[in-house]
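Listed below are the residues making up each chain.
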Amino acid sequence: MAYSSCSSSLVRILLTSFIGSTFVVLASASNFYQDVDITWGGDGRAKILNSGGLLTLSLDKTSGSGFQSKREYLFGKIDMQLKLVAGNSAGTVTAYYLSSQGPTHDEIDFEFLGNLSGDPYILHTNVYSQGKGNREQQFYLWFDPTADFHTYSILWNPRRIIFSVDGTPIREYKNPESLGVPYPKNQPMRIYSSLWNADDWATRGGLVKADWSKAPFTASYRNFNEHACIWSSGKSSCNSNTPSNNAWLNQELDATSQERLKWVQKNYMIYNYCTDSKRFPQSFPPECAINRSS
């Protein structure tokens, strides 16, 4: 892999050499002690284990827990491996997302909505720009996300946002500025994650409540990886001189990835706001013209 001024959280021990104007970087594993801050969930509900290689969040009737990245980003590719709450997870939400702050914030969401034992998780995605969201797509997964770790990725560059699961794209959101719709591109964002009680809406519209006799509920994280433009002191680590071999900055879906995206959307998508005529009886939001489906 080749990188220049853009950072990777995998970089701990660097072996670098110049090839033209490019650094070649060999990197070791990520470390949650160096990458994140625990922001919510005292009394040991959020734990960093295995010398920084594993992070767990827990939820009980008293409180949930959460963390945020130490760094801010303005574009990047973010990967995290998660193993979700097993068994009866009804009423729980595990959120993993990029967000800025303030009333006109930008946000790129993965939310995992728990369910009764044996019923599938719902993977909820959303994109906010300048404080406006309501751009939901929801999916079932083609595996049990509680049995093992799986990789959930957000690629965010100036042209598109791509949500992926184990390297398979599930959603592409193209920059709709040409249609007069704002796109997240000016506000640096952090990674946030939390496990919290949402039994007023998360499972079957709130009809199924959390079973607190099964608490604590626990989600696990490992292998956090960022290839990103780090935002610090008002400046980005990437600039106009960034070499084009930082492929994620210009990445788009190739033909194979487009076919995989179509497969997911045909077989596993369960909600798409761009086809919800009851919600939008007059006309669909403008960005749906380029983001309806793939």
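Residues numbered from 1 in each chain as written. Predicted model: local features only at pLDDT ≥ 70, side-chain atom pairs only at ≥ 80, totals over all residues. Heavy atoms only, no water.

As recorded by an unreviewed UniProt entry, the protein chain carries the name Xyloglucan endotransglucosylase/hydrolase and is attributed to Coffea arabica. A UniProt comment under Function (unreviewed entry) is attached to the protein chain, and it reads "Catalyzes xyloglucan endohydrolysis (XEH) and/or endotransglycosylation (XET). Cleaves and religates xyloglucan polymers, an essential constituent of the primary cell wall, and thereby participates in cell wall construction of growing tissues." Word for word, the UniProt comment on the protein chain under Sequence similarities (unreviewed entry) is "Belongs to the glycosyl hydrolase 16 family. XTH group 1 subfamily." (UniProt positions renumbered as here; feature names shortened; annotations may be inferred.)

*Asks:* Before we go on, may I ask you to explain the side chain of Asp-276 in this structure?
*Replies:* Structurally, Asp-276 is set in the loop between β20 (269–272) and α3 (288–291). The buried charged residue Asp-276 lacks any salt bridge, with Arg-279 as its nearest oppositely charged partner at 5.0 Å. At 2.7 Å, the side chain of Asp-276 and the side chain of Tyr-271 are in polar contact. Residues contacting Asp-276, with those up to four places away along its chain left out, are Tyr-271 and Phe-284. (Helix = DSSP H or I, 4+ residues; strand = E, 2+ residues; numbered from the N terminus. Buried < 20%, exposed > 50% of the residue type's maximum accessible area, 1.4 Å probe, protein only. Lys, Arg positive; Asp, Glu negative; His and termini not counted. Salt bridge = Lys/Arg side-chain N within 4 Å of Asp/Glu carboxyl O. Polar contact = N/O pair within 3.5 Å; in protein donor to acceptor, adjacent residues only side chain to side chain. Contact = heavy atoms within 4.5 Å.)

*Asks:* Would you mind going over the environment of Asn-197 with me for this structure?
*Replies:* Along the chain, Asn-197 falls in strand β17 (residues 190–197). Between the C-alpha atom of Asn-197 and that of Ala-90, which follows or precedes it by 107 residues, the distance is 9.4 Å. If we ignore the near neighbours within four places in the chain, the residues touching Asn-197 are Leu-59, Gly-91 and Trp-212.

*Asks:* What should I look at first to understand the nonpolar core in this one?
*Replies:* If you look at soluble globular proteins, the nonpolar side chains tend to sit buried side by side. Of all hydrophobic cores here, the largest spans 60 residues; its most connected members are Leu-98, Phe-110, Tyr-152, Trp-156, Ile-161 and Tyr-221. Looking at this core element by element, the count peaks at seven residues for strand β18 (residues 217–232). (Core = buried A, V, L, I, M, F, W, Y, C linked by side-chain atoms within 4.5 Å.)

*Asks:* Mind showing me how you'd approach unusual backbone geometry here?
*Replies:* Residues other than glycine predominantly adopt negative phi, and peptide bonds predominantly adopt the trans conformation. Here the residue pair Ala-215 and Pro-216 is connected by a cis peptide bond, since its omega of 0° sits within 30 degrees of zero. Tracing the sequence through the fold places Pro-216 in the loop between β17 and β18. The backbone phi angle of Ser-233 is positive, close to 55°, even though this residue is not glycine. Of note, Ser-233 is situated in the loop between β18 and β19 (235–236).

*Asks:* Looking at this model, I keep getting lost on the pairing of strand β6 (residues 46–49). Mind explaining?
*Replies:* Walk down a regular strand and you will see the side chains alternate between the two sheet faces. Here β6 shows one buried face, formed by Ala-46 and Ile-48, and one open face, formed by Lys-47 and Leu-49. Relative to strand β7 (residues 54–59), β6 runs antiparallel, the two sharing four bridges. Within β7, the position partnered with Lys-47 by the bridge is Thr-56. Here β6 folds back onto β7 in antiparallel fashion, the turn holding four residues, of which Asn-50 has a positive phi close to 50°. (Pairing = 2+ DSSP bridges.)

*Asks:* Can you walk me through the sheet that holds strand β5 (residues 36–40) in this structure?
*Replies:* Here we have eight strands laid out as an open sheet, ordered β5-β8-β17-β10-β11-β12-β13-β20, and antiparallel in their pairing. The open sheet has two free edges, formed respectively by β5 and β20, since each of these has just one partner strand. Here the strands of the sheet are splayed against their neighbours by 15° on average, with no regard to which way each runs. (Axes fitted to C-alpha atoms, helices over the stretch in contact; angles between N-to-C directions.)

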